[in-house]
Amino acid sequence: MGLHGDGGGPAGGRAARAGPRRSGGLRGGVAVFAAVAAVFTLTLPPSVPGGDSGELITAAHELGVAHPPGYPLFTLVAKLAIILFPFGSVAYRVNLLCGLFGAVAAALLFFTVFRLSGSYAGGILAAGVFSFSRLTWQWSIAAEVFSLNNLFVGLLMALTVHFEEATTAQERSKIAKIGAFCCGLSLCNQHTVVVYVLCIIPWILFRLLKEKELSLGSLLKLSLYLSAGLLPYIYLPISSYLHQARWTWGDQTTLLGFLTHFLREEYGTFSLAKSEIGSSMSEILLSQVTNMRTQLSLNIQALAVWANICLVRKDRQNSSLVWLFTGMFCIYSLFFAWRANLDISKPLFMGVVERFWMQSNAVVAVLAGIGLAALVSESNRVLNTNGLQCLEWLSATLFMMTYEWYLPKMAKHLPGVKFPGNRWNPVEGILPSGMVTFNLYHFLEVNKLKETFVCIGIHEGDPTWKKNYSLWPWGSCDKLVSSEIVFNPEEWIKLTRNIYNWTEDYGRFAPSSWESVANEEMWQARMKTPFFIFNLAETASLPSNVKAQLYTHAYNLYKEIVYLRKEHPVNWHKNYAIACERMLRLRERGADPEVLLSETIRHFRLYTQKAQNDPQLADISVALKHLRKELQSLRNMKNG
């Protein structure tokens, strides 16, 4: 009939599970969060890191006041983590909290890029290069305030994009209020974010004014929401008054004492240190650019610039947001270079200063993600093709996986895994620096005795593994298996059957929730084995009896899962209907043609009722008319 099954994944399931960009951003954000959280959790220090970590952990544990400006939000949330996390030392629990903050920040950067560009690769690039840069990684796994600040930077950008996409006055008002509250809340952590707040607020007010939705009353309400976000600062005088902590900083029981702490007067308001003669503004700016090239790479800087170059095209959408983010980056960099009064020629002070460049790096990562999507889009337009998506993924992969620090960091935590070189690259060789590169095929070959699994798929950046390996379904992941091993459907069905033990009902969670995304992925995983077997029968060059065996296995598995629960993913109806149709062609003994025709018609009909975005709906409707005629003819023959 010319119809193909729906794999339920990014490629096969796009038609049946197509939705607005928002749902795609949510699914991708969940995946990014899970991946980054897993990496950060595996690399957490088990005890107290250096720097201010010991003081911040103590302040949270005893509910004291940390150094100026007090960091009340971090202190309170860290205390909550110490109470709620049921494992590890007190220090480990706060480290874990900061790792989760960093993972949320990564998800928000992905969400921002995806909502602006529609590019998964661009979003993953932004989240990956930022999160796994040495600087961000280092300060995301330690009990410090920087990962929470990164979270707020990502949140403010994501909310700004959400506001820009709003189509009604009610929606814009709601997002503006949430944003105002988050702006206030962000100032309860690291004060450097005020530069971004002071860029975003005028932009939002201008947009409201342009839509004739800004009044004195609405301005007052937004001010109240901003003030509500600052409420955690009430904690400082309360803690100081109760004086329960054995160690605390300052006395905030008086207005003067509170303002002294809040304005960081002991450090120097709007400065990093008091009575210090620092490097010049130009030296700090130059060091920032150099540091950024080290942390993110020159390619990322170039893509960020390209995102702005693309704005000269009049048909380019979301240009105002790109300009806003670029302006935030420039203003912050200039302001920080002006006020960072430390001598960065001293390694200790350089270490202090560079931590504050994460805030600007986050914006550059977002611009780079947008730039990657724009580059591929522009190339498609010039070449009059849509075939460069694999190049987009390849670029994202190369930019993230070719850091010099990547393998040493990972190898430390994977002592049993062999790395046949210093850096991954699809083209093997020796770089001018003496660094040895290796591809995925070589990596698999030297780790042949280990089982290798792939989650979230392998993109086409390095196809060398295809020379001698295949992907076989394994729950929500896939297993890389040597091509020398012959696929035995009976054995594989038996081996993987107990993996699919998900018990949550389909559709039980709100569609906008992260739980719904996870539930959908787990339900789709249940279908991977029959889909794989069916696809093998469709595409492989096999004897007719082997194909018949594969079709039969796929049909039985589809039938089993379709009737397992009343509610299940809609694409299962389509796949089961196609499997029934293939069984009709086989004319296997024991298969009742009337039953198979009835099942094909029934499940195609259910699919057309529930799936409105499949481009094959017209073909399915034509097929249904033909199948109904066949069924009627078959029944007439029986009755005649």
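Residues numbered from 1 in each chain as written. Predicted model: local features only at pLDDT ≥ 70, side-chain atom pairs only at ≥ 80, totals over all residues. Heavy atoms only, no water.

Novice: Would you mind going over the nonpolar core in detail, with residue names and values included?
Specialist: If you look at the biggest cluster of nonpolar residues, it comprises 71 residues, and the most contacted ones within it are Met157, Phe325, Met328 and Phe336. Sort the elements by how many residues they give to this core and helix H17 (residues 358-383) lands first, with 11 residues. Not counting the four nearest positions on each side in its chain, Met328 is found in contact with Met157, Tyr196, Cys199 and Ile200. With 49 residues, the next largest nonpolar core counts Ala59, Phe85, Tyr235 and Phe258 among its residues. (Core = buried A, V, L, I, M, F, W, Y, C linked by side-chain atoms within 4.5 Å. Buried < 20%, exposed > 50% of the residue type's maximum accessible area, 1.4 Å probe, protein only. Helix = DSSP H or I, 4+ residues; strand = E, 2+ residues; numbered from the N terminus. Contact = heavy atoms within 4.5 Å.)

Novice: Hey, could you go over the pairing of strand E6 (residues 477-482) for me, with residue numbers and the actual values?
Specialist: Counting buried residues in E6 gives six out of six residues, a clear majority hidden from the surface. Because side chains alternate across E6, one face comprises the buried residues Cys477, Lys479 and Val481, and the other comprises Asp478, Leu480 and Ser482, equally buried. The hairpin formed by strand E5 (residues 469-474) and E6 contains two residues between the paired strands, and Gly475 there has a positive phi angle of roughly 65 degrees. (Pairing = 2+ DSSP bridges.)

Novice: Any chance you could break down the environment of Glu630 for me, citing the residues and the numbers?
Specialist: By secondary structure assignment, the location of Glu630 is in helix H27 (residues 617-639). Taking relative accessible area as the criterion, Glu630 reaches 36% and is therefore assigned partly exposed. When the C-alpha positions of Glu630 and Leu597 are compared, they lie 8.0 Å apart, and in sequence the two are 33 residues distant.

Novice: Summarise the packing of helix H4 (residues 90-117) against helix H7 (residues 146-165); cite the residues concerned and give the values.
Specialist: At a minimum axis separation of 8 Å, H4 and H7 run at an interaxial angle of 25 degrees. With respect to each other, H4 and H7 are oriented roughly parallel. Here the hand of the crossing between H4 and H7 comes out left-handed. Facing H4, whose interface residues are Cys98, Phe101, Gly102, Val104, Ala105, Leu108, Leu109, Phe111, Thr112, Arg115 and Leu116, H7 presents Ser147, Leu148, Asn150, Leu151, Gly154, Leu155, Met157, Ala158, Val161, His162 and Glu165. Looking at the contact of H4 with H7, its residues break down into 14 nonpolar, six polar and two charged. (Axes fitted to C-alpha atoms, helices over the stretch in contact; angles between N-to-C directions. Parallel < 35°, antiparallel > 145°, perpendicular 65-115°, else oblique. Left-handed = near helix turned anticlockwise from the far one by under 90°. Nonpolar A, V, L, I, M, F, W, Y, C, P; charged D, E, K, R; others polar.)

Novice: Explain the sheet that holds strand E3 (residues 436-438) to me, and be specific about the residues and the numbers.
Specialist: Overall, mixed pairing links the three strands, which are arranged E1-E3-E2 in an open sheet. Each edge of the open sheet carries a strand with a single partner, namely strand E1 (423-424) and strand E2 (429-430). Note: E1 against E3, two bridges, orientation parallel. Each bridged residue has a counterpart across the sheet, and for Arg423 the counterpart in E3 is Thr437.

Novice: Go over the packing of helix H9 (residues 194-210) against helix H15 (residues 319-339) with me, naming the residues and quoting the values.
Specialist: Running from N to C, H9 and H15 cross one another at 145 degrees; their axes reach a closest spacing of 9 Å. For the element pair H9 and H15, the recorded crossing hand is right-handed. Judged by residue contacts, Val195, Tyr196, Cys199, Ile200 and Trp203 of H9 engage Ser320, Leu321, Leu324, Met328, Phe329, Ile331, Tyr332 and Phe335 from H15. Of the residues assigned to the contact of H9 with H15, the class counts are 12 nonpolar, one polar and no charged.

Novice: Which residues make up a nonpolar patch on the surface, and what values do they have?
Specialist: There is a patch of nonpolar side chains on the surface, built from Leu231, Ile234, Ile238, Tyr241 and Leu242 and spanning about 540 Å² of accessible area. Checked against the element boundaries, Ile238 lands in helix H11 (residues 235-242). (Patch = residues over 30% accessible without salt bridge, like charges linked within 9 Å, V, L, I, M, F, W, Y side chains within 5 Å. Areas by Shrake-Rupley, 256 points an atom, 1.4 Å probe, with all protein chains shown as cover. Salt bridge = Lys/Arg side-chain N within 4 Å of Asp/Glu carboxyl O.)

Novice: Tell me what's going on with unusual backbone geometry, and back it up with residues and numbers.
Specialist: Residue Pro69 is bonded to the preceding Pro68 through a cis peptide linkage, with omega at 10 degrees. With respect to the helices, strands and loops of the structure, Pro69 is situated in the loop between helix H2 (53-62) and helix H3 (72-84). In this model, Tyr71 sits at a positive phi of 45 degrees, which is unusual for a non-glycine residue. Position of Tyr71 relative to the elements: it lies in the loop between H2 and H3. Under the relative-accessibility criterion, Tyr71 is labelled buried at 9%. Unlike most non-glycine residues, Lys212 shows phi in positive territory, near 60 degrees. With respect to the secondary-structure elements, Lys212 resides in the loop between H9 and helix H10 (216-229).

Novice: Please provide a residue-by-residue account of the packing of aromatic side chains, values included.
Specialist: Going through the model one piece at a time under the given rule, you end up with 32 aromatic pairs. Here the aromatic rings of Tyr233 and Phe258 are separated by 6.3 Å at their centres, their planes lie at 90 degrees, and the arrangement is edge-to-face. Taken together, the residues Tyr233 in the loop between H10 and H11 and Phe258 in helix H12 (residues 255-262) connect sequence positions 25 residues apart. Judged by relative accessible area, which is 4%, Tyr233 ranks as buried. (Phe/Tyr/Trp six-rings, centres within 6.5 Å; stacked < 30°, edge-to-face > 60°.)

Novice: Please give an account of the pattern of salt bridges that cites residues and values.
Specialist: According to the stated counting rule, one finds 18 salt bridges in the structure shown. A salt bridge links Asp478 to Lys528, with the nearest nitrogen and oxygen atoms 3.3 Å apart. Within this pair, whereas Asp478 is found in strand E6, its partner Lys528 is found in helix H23 (residues 528-539), the two being separated by 50 residues in sequence. Taking the relative accessible area as the measure of exposure, Asp478 reaches 18% and is therefore buried. In the salt-bridge network here, residues are joined through shared partners; they are Glu538, Glu581, Arg582 and Arg585.

Novice: Please set out the sheet that holds E5 residue by residue, giving values where relevant.
Specialist: On the basis of which strands lie adjacent, the open sheet formed by three strands has the order E4-E6-E5 and antiparallel pairing. At either margin of the open sheet sits one strand with a lone partner, and together these are strand E4 (452-454) and E5. Between one strand axis and the next, the sheet turns by 40 degrees as a mean value, whatever way the strands run. Of the strands in this sheet, E5 and E6 are in contact with helix H21 (residues 489-496), which crosses E5 at around 45 degrees. Most of the contacts of H23 go to E5, to which it runs at about 140 degrees, and overall it touches E5 and E6.

Novice: Outline the confidence of the model for the chain, listing residues and values.
Specialist: For the chain, per-residue confidence averages 86 on the pLDDT scale, and residues scoring 70 or more make up 86% of the total. Mean pLDDT in the chain bottoms out at helix H18 (residues 389-401), which sits at 55, and peaks at H3, which reaches 97. (pLDDT = per-residue confidence, 0-100.)

Novice: Can you explain the environment of Lys625? Please cite residues and give values.
Specialist: As for its placement among the helices and strands, Lys625 is situated in helix H27. You can call Lys625 exposed: its relative accessible area is 59%. Sequence-wise, Lys625 and Ile601 are 24 residues apart; in three dimensions their C-alpha atoms are separated by 9.1 Å.

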